Amino acid sequence: MKYDCLIIDDEKLLADSTAEYFNLFGVNTAVVYSAGECLSFFQENTAALLLLDINLGDGSGFALCKELRKTTEIPILFISARSSDDDKIIALNIGGDDYIQKPCSLGVLLAKVKVVLKRYGKKETAFYSDGWLEIDFEAKQVTVNQQIIKLTALEFRLLSCLVENKGKVVSKQELFEKVWQDKFTGDGTLNVHIRKLRTLIEKNPERPVYITTIWGDGYRFQGGAE
């Protein structure tokens, strides 16, 4: 089943009341109470956004986030009763979209959730296909020559950014900011990931058709294999 929001919080009464409030205002929300339940949830369900407590009974929200980031780029809002700047830095570095300190009114929390859902709403291009390469953006699945290939979350984000700008030159700086969310990522790191994508999707990685280099500017996704 598809949900707008999944709440992961071991404070059951608070989690349940928050989910009830969100559902009342049109945000389809599910709730689990542990990291283990969260991982089990995604075996049969999907969610567009996670509202994740840092302190869980069976582990930390940070550890759960790291595990989830191996396979998904679902936006995550961290919530915590702690106000440590170190926590905020960790949250951002491992892929959190925001850090919300408890106590926080349900109205404020709902507003933040709606902003993030709108920001990461469905892409205009939900599916790309040309016979050789197929990309399902919603399912985050890539098929090459009718075979599903495995991409890391970062590789999929990089490929998606290029495909969404098909025919346009995407500068290195833009890729650093949109894909890595870091202005200071080096050219070497980007080059390694581009080479990896080419080996996975190109018929001949030495003569790339999909991802072409525009020297001095960046990269362009051409589309359509030869």
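Since the structure is predicted, the reported quantities are computational estimates derived from the model, not experimental observations. (Residues numbered from 1 in each chain as written. Predicted model: local features only at pLDDT ≥ 70, side-chain atom pairs only at ≥ 80, totals over all residues. Heavy atoms only, no water.)

Novice: Explain the packing of aromatic side chains to me, please; I cannot follow it from the model alone.
Specialist: Any aromatic ring pair is given by two values, namely how distant the centres are and how the planes are angled relative to each other. The full count for this structure, using the stated rule, is seven aromatic pairs. Taken together, a centroid distance of 4.9 Å and an interplanar angle of 50° make the contact between Tyr21 and Phe25 tilted. The rings of Tyr3, Phe41 and Phe42 are connected pair by pair, giving a single aromatic cluster. One cation-aromatic arrangement involves Lys12 over Tyr33; the distance from NZ or CZ to the ring centre is 5.1 Å. Positioned above the aromatic ring of Trp132 is the side chain of Lys203, whose terminal nitrogen or guanidinium carbon lies 4.9 Å from the ring centre. (Phe/Tyr/Trp six-rings, centres within 6.5 Å; stacked < 30°, edge-to-face > 60°. Lys NZ or Arg CZ within 6 Å of the ring centre and 35° of its normal.)

Novice: For this particular structure, what's the right way to read the nonpolar core?
Specialist: As a rule of thumb, soluble globular proteins bury nonpolar side chains together. Grouped together as the largest cluster of nonpolar side chains are 28 residues, with contacts concentrated most on Leu133, Ile135, Leu158, Leu162, Leu175 and Ile211. Sorting the residues of this core by element identifies strand E11 (133-136), strand E12 (141-144), helix H6 (153-164), helix H7 (172-180), helix H8 (187-201) and strand E16 (218-221) as the ones contributing at least two each. With seven residues, the single largest contributor to this core is H6. Not counting the four nearest positions on each side in its chain, Leu158 is found in contact with Leu175, Val179, Trp180, Leu190, His193, Ile194 and Leu197. In this structure, Tyr3, Ile8, Phe62 and Leu68 belong to the second largest nonpolar core, which totals 20 residues. (Core = buried A, V, L, I, M, F, W, Y, C linked by side-chain atoms within 4.5 Å. Buried < 20%, exposed > 50% of the residue type's maximum accessible area, 1.4 Å probe, protein only. Helix = DSSP H or I, 4+ residues; strand = E, 2+ residues; numbered from the N terminus. Contact = heavy atoms within 4.5 Å.)

Novice: What am I meant to see in the sheet that holds E16 here?
Specialist: Strand pairing within a sheet occurs via backbone hydrogen bonds; the two strands may be parallel or antiparallel. An order of E14-E16-E15 is seen for the three strands of this open sheet, with the pairing classed as antiparallel. Single-partner strands in this sheet number two, and they are strand E14 (169-171) and strand E15 (211-214). For this sheet the average axis-to-axis angle between neighbouring strands, irrespective of direction, equals 35°. Sheet topology places E14 next to E16; three bridges connect them, and they run antiparallel. (Pairing = 2+ DSSP bridges. Axes fitted to C-alpha atoms, helices over the stretch in contact; angles between N-to-C directions.)

Novice: Can you walk me through the confidence of the model for the protein in this structure?
Specialist: As a general rule, the predicted coordinates of low-pLDDT regions are not to be interpreted in detail. Averaged over every residue, the pLDDT of the protein is 83; the share at 70 or more is 85%. Here helix H4 (residues 85-93) stands out as the least confident element of the protein, with mean pLDDT 49; E15 is the most confident, with 95. (pLDDT = per-residue confidence, 0-100.)

Novice: Looking at this structure, how should I read the pattern of salt bridges?
Specialist: Oppositely charged side chains may form a pair once their charged atoms are brought near each other. Inspection of the entire model under this criterion finds four salt bridges. As a salt-bridge pair, Glu67 and Lys70 come within 3.2 Å of each other at their nearest N and O atoms. Relative accessible area serves as the criterion here: at 39%, Glu67 is assigned to the partly exposed category. Glu155 is the salt-bridge partner of Lys196, the closest N and O atoms lying 2.9 Å from each other. (Salt bridge = Lys/Arg side-chain N within 4 Å of Asp/Glu carboxyl O.)

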